Number of protein chains: 2
Amino acid sequence: MTYSIGEFATIVGVNKSALRYYEMEGLITPLRNENNLRVFTDSDIGWVQFLLHLKASGMSMTELKNYTEWRAMGDKTIPERLDLLEQRKRLVELEIQALQQNLDILNRKIVFYKDQFEGNKYEFVLYPKDKEEIAKS
Amino acid sequence: MTYSIGEFATIVGVNKSALRYYEMEGLITPLRNENNLRVFTDSDIGWVQFLLHLKASGMSMTELKNYTEWRAMGDKTIPERLDLLEQRKRLVELEIQALQQNLDILNRKIVFYKDQFEGNKYEFVLYPKDKEEIAKS
DNA sequence: ACTTGCATTAAAGTTAACTTGAAGGCCTAT
DNA sequence: ATAGGCCTTCAAGTTAACTTTAATGCAAGT
């Protein structure tokens, strides 16, 4: 099965212009048909999806380019690719930790504000300003 | 205790120019001394550090500005601040989840490459290309 | 033949959040 | 009094990763 750039863009969820940009940067190398239109294949889907995961894990365009070049050079560059992946793994682990700490701080502030709100409500219930209201109730 | 912009920048770990930018955006309102120099106080430290946590949790300048304005308006805006914090909390939780999934994918690829590397080593040991080597050994 | 809808390239524009640069002022030590 | 080191404002520059625009072309349907 093959796909036009528009079809492929829909499948992988990436803007057509972004795909052209990725080609320009060497991340993908779609074939061309007799009219010079890009032709994408099923195996491109897997590759782009993997690239998107690397990207979502924080890799820069430069790193993605390196990885792609190494991949094109064959198995002898597996150590380089492993290094890059392991480095990224460590960075993602650190980022997750940092986010969790920030989440803690958000939670503490949320609890603080809620306590304050509950405190207000409670005070309102126990000590309404107009004491006549209590007498009437 | 009070601090010049340079001292304060060192304390909170933020570029002086960024602090000026934050003031321009209304996130901080340092006093000025008789020579028009900014004067920061200890309470500014806590506030900026909190802002930095919000920022590190992914809040945009616009959101930080909203939060800051609400804070300046007093307790009646606590619900708005709570909404913003809880929304951010949900987003951070989602981002942590996404990062963990990407970490899984990194790990799978790392294992895959390592297996391949081990596989090569193993094959080399078991089936050296030159069978004469075995005879000699 | 003409419109519609897809594609092409190359170049310029966008965005956020700063950062840098230029031109200058005030204070202190030599 | 001059040099160094801090500060000031305002404007312009930076960066990555696209996105948009302009000018064009091919091909299928009416």
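Figured I'd write up the structure that's included with this text. (Residues numbered from 1 in each chain as written. Chains lettered and ligands numbered in written order. Predicted model: local features only at pLDDT ≥ 70, side-chain atom pairs only at ≥ 80, totals over all residues. Heavy atoms only, no water.)

### Things to note about the pattern of salt bridges
All names here are of chain A.
Here is step 1 of the chain: One pass over the structure, following the stated rule, counts 10 salt bridges over all chains.
Here is step 2 of the chain: Among the salt bridges present, the one from Glu 23 reaches Arg 38, with a minimum N-O distance of 2.5 Å. Of this pair, Glu 23 sits in helix H2 (residues 16-24) while Arg 38 sits in strand S3 (residues 38-41); the two residues are 15 residues apart in sequence, bridging distant segments of the chain.
Here is step 3 of the chain: Arg 88 is the salt-bridge partner of Glu 63, the closest N and O atoms lying 3.1 Å from each other. Of this pair, Glu 63 sits in helix H4 (residues 61-72) while Arg 88 is found in helix H5 (residues 78-126), placing the two residues 25 residues apart along the sequence.
Here is step 4 of the chain: Take Glu 63: its relative accessible area is 15%, and that puts it in the buried class.
Here is step 5 of the chain: A residue is classified by how much of its surface remains accessible, and Arg 88, at 9% relative accessible area, is buried. (Salt bridge = Lys/Arg side-chain N within 4 Å of Asp/Glu carboxyl O. Helix = DSSP H or I, 4+ residues; strand = E, 2+ residues; numbered from the N terminus. Buried < 20%, exposed > 50% of the residue type's maximum accessible area, 1.4 Å probe, protein only.)

### Observations concerning the protein's contact with DNA strand D
Here is step 1 of the chain: Taken together, 18 residues lie near DNA strand D, and Ser17(A), Asn35(A), Gly6(B), Arg20(B) and Arg38(B) sit nearest.
Here is step 2 of the chain: Here DNA strand D approaches the protein such that, of its atoms within 4 Å, sugar and phosphate make up 82%.
Here is step 3 of the chain: Interatomic distance of 3.0 Å between a side-chain N/O atom of Arg32(B) and a phosphate oxygen of DNA strand D.
Here is step 4 of the chain: Note that a phosphate oxygen of DNA strand D is positioned 2.7 Å from one of the side-chain N or O atoms of Arg38(B).
Here is step 5 of the chain: When residues of the surface near DNA strand D are traced back to their parent elements, those giving at least two are H2 of chain A together with helix H1 (5-12) and helix H2 (16-24) of chain B.
Here is step 6 of the chain: If you tally residues by element for the surface near DNA strand D, the top one is H2(A), at 4 residues.
Here is step 7 of the chain: A breakdown of the residues in the surface near DNA strand D according to their chemical character gives 6 nonpolar, 7 polar and 5 charged. (Near = heavy atom within 4 Å. Polar contact = N/O pair within 3.5 Å; in protein donor to acceptor, adjacent residues only side chain to side chain. Nonpolar A, V, L, I, M, F, W, Y, C, P; charged D, E, K, R; others polar.)

### Describing the protein's contact with DNA strand C
Here is step 1 of the chain: Residues in contact with DNA strand C amount to 18 residues; listed here are only the nearest, Gly6(A), Arg20(A), Arg38(A), Ser17(B) and Met61(B).
Here is step 2 of the chain: Across the atoms of DNA strand C situated within 4 Å of the protein, the share located in sugar and phosphate is 82%.
Here is step 3 of the chain: The separation between a phosphate oxygen of DNA strand C and a polar side-chain atom of Arg38(A) is 2.6 Å.
Here is step 4 of the chain: The contact in question runs from a phosphate oxygen of DNA strand C to an N or O atom on the side chain of Asn15(B), over 3.5 Å.
Here is step 5 of the chain: When contributions to the surface near DNA strand C are tallied by element, the ones reaching two or more residues are helix H1 (5-12) and H2 of chain A together with H2 of chain B.
Here is step 6 of the chain: For the surface near DNA strand C, the leading source of residues is H2(B), giving 4 residues.
Here is step 7 of the chain: In terms of residue class, the surface near DNA strand C is built from 6 nonpolar, 7 polar and 5 charged.

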